[in-house]
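# Overview (structure and organization)
These are the residues of each chain, in order.
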Amino acid sequence: MSAAKSRLVSIPKSDLDSLEATLETLESQYVMNQLKQSEEDIQNGRVRKAREFLKSL
C-alpha cells in the first residue's frame, strides 16, 4: 500500500463559507431536532398555508 499524497486544493471563499455554515448546522442538535420534527409534522399533515401562518404572527 502506497503512502497517501497530500495536495492543496483551491476553492472560492464563498464556497468555503457555505460549507462551514452547513457543518455548523449539522452539528447543532437543536436544529437537527427541529428539522426532524418538521419532517414528521409534514408527514402527519400538520401543516398550514404560509399566508395563514404569517397572519398569526
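This one's a predicted model, so the numbers in the text were calculated from it and none came from an experiment. (Residues numbered from 1 in each chain as written. Predicted model: local features only at pLDDT ≥ 70, side-chain atom pairs only at ≥ 80, totals over all residues. Heavy atoms only, no water.)

### Focus on the overall build of the protein chain
A tally of regular secondary structure across the protein chain gives 3 helices and 0 strands. What you see in the protein chain, going N to C, is helices and strands ordered as α-α-α. The C-alpha radius of gyration computed for the protein chain amounts to 20 Å, which surpasses the reference 10 Å derived for 57 residues by more than 25%, pointing to a less compact arrangement than a globule. Dimensions of the protein chain, computed from the C-alpha atoms along their principal axes, are close to 60 × 30 × 15 Å. Burial analysis of the protein chain (57 residues in total) assigns 0% to the buried set. For the protein chain, the exposed area adds up to about 6000 Å²; of that, 55% sits on carbon and sulfur atoms. Looking at the protein chain, you have 9 positive and 9 negative side-chain charges, and the mean spots of the two groups are 6 Å apart. (Helix = DSSP H or I, 4+ residues; strand = E, 2+ residues; numbered from the N terminus. Rg over C-alpha atoms; globule rule 2.2 N^0.38 Å. Buried < 20%, exposed > 50% of the residue type's maximum accessible area, 1.4 Å probe, protein only. Areas by Shrake-Rupley, 256 points an atom, 1.4 Å probe, with all protein chains shown as cover. Lys, Arg positive; Asp, Glu negative; His and termini not counted. Charge placed at Lys NZ, Arg CZ, Asp CG, Glu CD.)

### A word on the environment of R48
Tracing the backbone shows R48 in the loop between helix 2 (29–43) and helix 3 (50–55). Excluding residues within four positions of it along the chain, R48 makes contact with F53 and S56. (Contact = heavy atoms within 4.5 Å.)

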